Amino acid sequence: MARIFSNPFSAESRLDACGCGAVHAPGLACDAANAPADGTGALGEAAELAVMKAVFPEDATRRAMLRLFGAGTLVAAIESVFPLATAREAMAQATGAPEKRDLKIGFIPITCATPIIMAHPMNFYSRHGLNVEVIRTAGWAVIRDRAIAREYDAAHMLAPMPVAMSLGVGVGQPQPFAVAAIENINGQAITLATKHREKRNPRDWKGFRFAVPFDFSMHNYLLRHYLAENGIDPDRDVQIRSVPPPEMVANLRADNIDGFLGPDPFNQRAVFDGVGFIHILTKELWDGHPCCAFAVPRAMITDTPNTFAALMRSIVEATAYSNKPENRREVAQAIAGQNYLNQPPTVVEQVLTGTFADGLGRVQRVPDRIGFDPFPWHSMAIWIMTQMRRWGQLQRDVDYAQVAEQVFLALDAGRAMRDQGLPVPASPMRIETIMGKPFDPANPAAWTERAIRT
Amino acid sequence: MAAKVPFWRAASVSLLILAVLLMAWEYAVLPVAGSGAAVDPEYAALLGQAAAQGGTTPMPGPSAIGKRLVELLADPFYVRGTNDQGIGVQIAYSLLRVGAGFALAAIVAIPLGFLIGMSPLLNAALNPFIQVLRPVSPLAWMPLALYTIKDSAISSIFVIFICSIWPMLLNTAFGVASVRREWLNVARTLEAGTSKTAIRVILPAAAPTIVTGMRISIGIAWLVIVAAEMLVGGTGIGYWVWNQWNNLSIADIVIAILMIGVVGLLLDRLLGLVAHAVAWRE
């Protein structure tokens, strides 16, 4: 079992028993009723780290002691004078006041950011003692750079971005970032120019020019997978460009691209402006797929654990609120304005309520067109990495499960969800169904080189 | 040279051209009526006005833009949260950034230009650097600035700085180098020290050239700030354009273009006044 932080009881032996006392994979497997806040996960480890640092200010001494007595003896010795398990739990519960109240959170104005944005006007942040400023940002690369520069304390990111950043892909050096919660599931679509309304079979799309928002995005991977499954080589038969979403609509109008797999509200905006139609919702490709994420630098968890916990609670609460169908209209009204998405309210409402014009003359009713489920499944992260490997972004072999665990903070999200009374899955791994085929995260190899069938 | 045209005649021809242009524009974007595809009202309610009639949302005409302009200028300085601030506030942010970058550039460029102008050795030594760096597009510096400075506000000021510095530097050096030999000789016979010569003789003589350099610089700086703010975001008129682009509100973009033009003109005129004040005739 990999740790999120470097193990303070490292070297030969490790101490990974769950805070509930039983020896099993800690956290989610731990029965919710028996040990609600079990002191595992990022926060629990942060506590261990802090204690070990306090006991052994010199790291050489710590290593020497570990080698001499072994971690078990050492922990027993420490626990005789300091309640380590209690500290882990106390820290995991993080009921203390946030160390840092004034936070800056960057977002991109798309409906994927709904929980991050709506938490501001609807006071989810302030309820947890935080004074958050949500800052609209010009693009994904700018979000990445500002997050790395710590101009933002936390940020709205595409789910693959923290994975790529942590692996050092697409950035100068590895930047340890974590997905505290998934922002939205589903909620994307393939939109085509109106002139292609007869070309609904992807096999006819050779020579098409597509746009996606960013190289490290679910949009890119889903489009590539969809094309490949339909016998189109995304690298040879079509052109896929990285284009900011608002420009997708303008480029579609200018006949500069044939379609895009993009975030909402821009699919709906293309319909609203009469330049395109919605070919397929990504929900139909992979129901429950992640899209955007709420990302924090991993240092935040050790440096300001109470702030992290408060932020986590705010986001999980806002996500749960956004997910309820009866709240969707209210949320749409709250975020459509100048200060947030800056879009016509009817466009945002169509996306969130799932009652929408498809651009082909029909009104469709898909209530789960976009969903909000904060749980960061490790299986999602593993699929993302298989696609990074498949399309040449990741040039080396990595331990998928370990990276998934480090980057997707399922334990901490699970704990925040449990505190809200939300059901928490027993394991962060599940078999995903992608375009009708099962993806087993325990055996991902088949998907890294999945053939393009022609 | 042609005879001087009376102001009112030129003005009336300008107005006439403007009126014709606006009318042609308004006519060109008139929605084509009657071609509306018959769709059910529920569907139509979910679409934009033009799309519901079977077309695409058109370019706004001058009347729509005029209406929006009045709306925006009625309250240009409101602040409703981080991401919603009036157009006046945005222009103020941009002016502040341009001012800061420009002032820094002047502080560096004018003394350095003096040195280069007065010392042929320094001139020859620094020339290759200047020649290589000068043609670099200011925006090409942006990613590097963001990466090294790690602060977007300072990065945009740095970009203004780096694009403003070259015209001022070169013009100052040129102005200083071409001060008349006789005047310098007179100063020498009067036994004026180097600093006294620089301040009392060279500076006044080179002042018009220096101000010309500043005038070129401020023009470039104002050009660049819009692009820089579109890239970095946050505040400023460039970001405002990006934001309206995000919302695909073309009317607001046209207005922003107009505002950028007007402010640029005012900045140029301001330095024109300075140039007039320091000008001298033999």
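Note that the structure is predicted; figures quoted are calculated from it, not measured. (Residues numbered from 1 in each chain as written. Chains lettered and ligands numbered in written order. Predicted model: local features only at pLDDT ≥ 70, side-chain atom pairs only at ≥ 80, totals over all residues. Heavy atoms only, no water.)

1. Quick look at the overall build of chain A
From N to C terminus, chain A includes 18 helices and 16 strands. When each of the 454 residues of chain A is scored for burial, the buried share is 63%. At a minimum sequence separation of 6, the contacts of chain A that also span at least 24 residues come to 75%. Summing over all exposed atoms, chain A offers an accessible surface of approximately 15,900 Å²; the carbon and sulfur share of this is 51%. (Helix = DSSP H or I, 4+ residues; strand = E, 2+ residues; numbered from the N terminus. Buried < 20%, exposed > 50% of the residue type's maximum accessible area, 1.4 Å probe, protein only. Contact = heavy atoms within 4.5 Å. Areas by Shrake-Rupley, 256 points an atom, 1.4 Å probe, with all protein chains shown as cover.)

2. Some details on the UniProt feature "domain: ABC transmembrane type-1" (unreviewed entry) in chain B
This chain's UniProt record puts "domain: ABC transmembrane type-1" (unreviewed entry) on residues 91-271 of chain B. Between the end C-alpha atoms of residues 91-271 of chain B there is a gap of 19 Å, over a span that is 87% helix and 0% strand. (UniProt positions renumbered as here; feature names shortened; annotations may be inferred.)

3. Regarding the confidence of the model for chain A
All names here are of chain A. For chain A, the average pLDDT comes to 82, and 86% of its residues sit at 70 or higher. When the criterion is pLDDT under 50, residues 12-26 qualifies, and its contacts beyond four places in sequence or with other chains add up to 38 contacts. Scored below 50 in pLDDT, residues 31-37 shows 8 contacts in the model against residues more than four places distant or in partner chains. (pLDDT = per-residue confidence, 0-100.)

4. Here's the deal with the packing of aromatic side chains
Residue and element names in this part refer to chain A. For the structure on display, the rule yields 12 aromatic pairs over all chains. Between the aromatic rings of Trp205 and Tyr226, the centroid separation amounts to 6.0 Å while the plane-to-plane angle is 55 degrees, which identifies the pairing as tilted. In this pair, Trp205 is assigned in the loop between β6 (188-193) and β7 (209-212) and Tyr226 in helix α8 (residues 218-229), connecting sequence segments 21 residues apart. Here Trp205 falls in the buried class, since its relative accessible area comes to 0%. Under the relative-accessibility criterion, Tyr226 is labelled buried at 6%. Centroid distance Phe208 to Phe210: 5.9 Å. Interplanar angle 45 degrees. Geometry classified as tilted. The pair Phe208 / Phe210 is uniform in exposure class, with both members buried. Residue placement shows Arg127 over the ring face of Phe124; its charged tip is 4.5 Å from the ring centre. A cation sits over an aromatic face here: Arg430 above Trp377, 4.1 Å from the ring centre. (Phe/Tyr/Trp six-rings, centres within 6.5 Å; stacked < 30°, edge-to-face > 60°. Lys NZ or Arg CZ within 6 Å of the ring centre and 35° of its normal.)

5. Side note on the packing of helix α15 (residues 378-390) of chain A against helix α16 (residues 400-407) of chain A
Residues and elements named next belong to chain A. Interhelical geometry of α15 versus α16 gives an angle of 125 degrees and a closest axis separation of 9 Å. It follows that α15 is oblique to α16 by the angle criterion. Of the two elements, α15 crosses α16, and the hand of that crossing is right-handed. In contact with His378, Ala381, Ile382, Met385, Thr386 and Arg389 of α15, α16 contributes Tyr400, Ala401, Val403, Ala404 and Glu405. In the contact of α15 with α16, the residues fall into 7 nonpolar, 2 polar and 2 charged. (Axes fitted to C-alpha atoms, helices over the stretch in contact; angles between N-to-C directions. Parallel < 35°, antiparallel > 145°, perpendicular 65-115°, else oblique. Left-handed = near helix turned anticlockwise from the far one by under 90°. Nonpolar A, V, L, I, M, F, W, Y, C, P; charged D, E, K, R; others polar.)

6. So, the environment of Arg215 of chain B
Residue and element names in this part refer to chain B. Mapped onto the fold, Arg215 is located in helix α10 (residues 194-232). Classification of Arg215 by relative accessible area gives partly exposed; the value is 29%. Placed 60 residues apart in sequence, Arg215 and Ala275 show a C-alpha to C-alpha distance of 8.5 Å. Residue contacts for Arg215: discarding those within four places in its chain leaves Asp268, Leu271 and Gly272.

7. So, the interface of chain A and chain B
Quoted interface sizes are often the accessible area lost when the parts come together. Listed by partner, the interface residues are 44 residues for chain A and 33 residues for chain B. A combined buried area of about 3,100 Å² lies between chain A and chain B, and 47% of that area is made up of carbon and sulfur atoms. Here chain A is connected to chain B by 0 salt bridges. In this assembly, chain A and chain B are joined by 8 residue pairs in polar contact (both at pLDDT 80 or more). Taken together, the elements giving at least two residues each to the side of chain A that touches chain B come down to β2 (131-136), α6 (140-148), α9 (245-253), α10 (266-272), α14 (345-353), β12 (355-357) and β13 (363-365) of chain A. Of the residues contributing to the side of chain A that touches chain B, the split by class is 20 nonpolar, 13 polar and 11 charged. (Buried area = accessible area lost by both parts, 1.4 Å probe. Salt bridge = Lys/Arg side-chain N within 4 Å of Asp/Glu carboxyl O. Polar contact = N/O pair within 3.5 Å; in protein donor to acceptor, adjacent residues only side chain to side chain.)

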